[in-house]
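Coordinate inspection notes
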Amino acid sequence: MSWPTSEINRRYSRWAVALIGGLLFFRVLVVLLNPAGLHGDEAQYWAWAQDPAFGYYSKPPLIAWVIWMTTAVFGDTEWAVRLASPFLHSMTAVLTYLTATRLYGAKTGFFASALYVLMPGVALSASIISTDAALLVFVALFIHAWVRLRERATWVWALTLGAAFGLGMMTKYAMIYVVPAFVLALILDRATRHALLGWRGLVAGLVGGVILLPNLLWNATHDFATLVHTTDNANLKDGPQLNPGELAEFVLGQLGVFGPLTFILLLIAFWTARKSRKEFSLWLVFLALTPLLVICVQALISRANANWAGAAYASAPIVLAAWAVSSERTLRWLKAGLIINALLCLIPGAVMTSPTLVDQLGFANSVKRQRAWPETVEVIRARYEAGDYAAVAVDNRLMFYDLVYYGLPETTPLYMWRFEPRLNNHAELTSPLPQDDRSVLIVSYYAGYAGYFARDFETLAPLGDIEIILGGGKTRRLYTYAASGYHGPVFRD
């Protein structure tokens, strides 16, 4: 399809730029003004960025590299750690517009980009730093390169396709969800075959492989930790079980990710697309349905978080927009859904900049894990200095990294106690509690772990709880023990 040049198309282009640019400005302000501390996952990614590598226990390395770049320029403040996120989502919105416009025209492009940039899940993700923000850029770039190759088979877009796949895999292994649709297209779609069955396709694959190779080599020298963790997320060590409640929770969670009305409209668009004559529509549906259906199965037989199907939402906005603009009636429903999503984006974003409003509106539970970590560090440090301890040991990954970010290791040796002999996180890989006779202060996140500690240490004495006021009626309670003679983790019953 040739690039549209009419005045009405230029108008939709201006609207898309205004919407994406306006929301980028708003979201950067939210990041700058947000007083909430780092969540444990964010603090973990920041800690990784202090030691740039080609891999980490639970994720490939690109998120750490992104944080390294922003913090190298702006320092290690919370907003600098998060700063890339709104820009990454804006890049995905631009790519969504460009792809939808090439396929279906600027009107579809505008509504597709509006769907993406106004998704409630994107609004939340743009206020924190996470792997999904970068992953979606590369999924969207892969789709755009694929579309351009079908139009005209050039080396530039073949190399872009390979690079997008490789960089996506270096961000999160969920990039693999593009493979089934793409491989099937190589078999069934003449334009895709023409573009990539030959030297261009081979070189594109090599580019992706070369980009991913350092992470594979890192895994090979670390017992394939990231790959093992990814399979562990399926939580099938006790065998599959039917959990319809988990499936229902995951599906309902998509209403919060894509939008309550727009997700329902998306399901209708999926159904009607089977009869679509629009070029490339079925491949877009396949790209969106693959992660959604895979994670639905995982939720049914185990568990799943709502964001685990995030890769679906690089193509889903285009699917819905292409269907909705086909009639005034469906377009009105889409506009209603976008208004709802806009409210869900803007109001919480404004509220989160004010802790008082967060507490008054009853949202304190949503941010309690991000609050009062400097105060927590000071209380733990005081208790450590009051005794004759060689180190502090903790039993929770998220707490470990928040304590690292907020400075406990600057004055106090900090280690991660392992629940079991096998590794479960990056802190256990890089900062395991040494096995020796020294006395340590255990700070436990869990109320019932005294029995586990008693099996791992020669001596154990409870010291009393730590209670930190978080605001909004919430508190953080930690459990402390004096222990010595650590002889390593044992297999648990």
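Considering empty space enclosed by the protein
If you roll a probe as big as a water molecule over the atoms, it shows you where there is empty space left. Applying the stated criterion across every chain yields a total of 1 cavity of 30 Å³ or more. One number sums up the size of the largest cavity: a volume of about 50 Å³. Lining the largest cavity are Leu433, Pro434, Asp436, Arg438, Val440, Phe457, Gly485 and Tyr486.

Looking at the sheet that holds strand E1 (residues 391-394)
An order of E2-E1-E3-E5-E4 is seen for the 5 strands of this open sheet, with the pairing classed as mixed. With partners counted over all chains shown, the strands left at the sheet margins are strand E2 (414-416) and strand E4 (457-471), one partner each. Averaged over all pairs of adjacent strands, the angle between their axes in this sheet comes to 25 degrees, without regard to strand direction. Examined bridge by bridge, E1 and strand E3 (residues 439-444) share 4 bridges and lie parallel to one another. Within E3, the position partnered with Ala391 by the bridge is Val440. The strands touched by helix H21 (residues 373-385) within the sheet are E1, E3, E4 and strand E5 (474-486), with E4 carrying the most contacts at an inclination of about 145 degrees. With respect to the sheet, helix H22 (residues 397-405) is in contact with E1, E2, E3 and E5, its orientation differing from that of E2 by roughly 160 degrees.

Observations regarding the side chain of Ser281
Considering the arrangement of structural elements, one finds Ser281 in helix H16 (residues 281-301). Apart from residues no more than four positions distant in its own chain, Ser281 is found in contact with Tyr104 and Ser276.

Describing the layout of surface pockets
Its volume calculated, the second largest pocket comes out at about 270 Å³. What lines the second largest pocket is a set of 17 residues, and nearest its centre among them are Leu161, Phe165, Phe182, Ala204 and Gly205. Taken together, the elements giving at least two residues each to the lining of the second largest pocket come down to helix H9 (155-169), helix H10 (179-188) and helix H12 (199-220). The leading source of residues in the lining of the second largest pocket is H12, at 6 residues. Counted by class, the lining of the second largest pocket contains 12 nonpolar, 5 polar and no charged residues.

Here we look at unusual backbone geometry
At Asp223, a position not held by glycine, the phi torsion is positive, near 55 degrees. Looking at where Asp223 falls in the secondary structure, it is placed in the loop between H12 and helix H13 (225-232). In this structure, Phe224 takes a positive phi of about 50 degrees despite not being glycine. Tracing the sequence through the fold places Phe224 in the loop between H12 and H13. Here Phe224 falls in the partly exposed class, since its relative accessible area comes to 39%.

Rules used throughout
Residues numbered from 1 in each chain as written. Predicted model: local features only at pLDDT ≥ 70, side-chain atom pairs only at ≥ 80, totals over all residues. Heavy atoms only, no water. 1 Å grid on protein atoms, 1.4 Å probe; cavity = no way out; pocket = protein on both sides within 12 Å on 5 of 7 lines; lining within 4 Å. Points joined across faces, edges and corners; volume = space filled by probe spheres on them. Pairing = 2+ DSSP bridges. Helix = DSSP H or I, 4+ residues; strand = E, 2+ residues; numbered from the N terminus. Axes fitted to C-alpha atoms, helices over the stretch in contact; angles between N-to-C directions. Contact = heavy atoms within 4.5 Å. Nonpolar A, V, L, I, M, F, W, Y, C, P; charged D, E, K, R; others polar. Buried < 20%, exposed > 50% of the residue type's maximum accessible area, 1.4 Å probe, protein only.

Worth remembering: the numbers are spatial, not functional.
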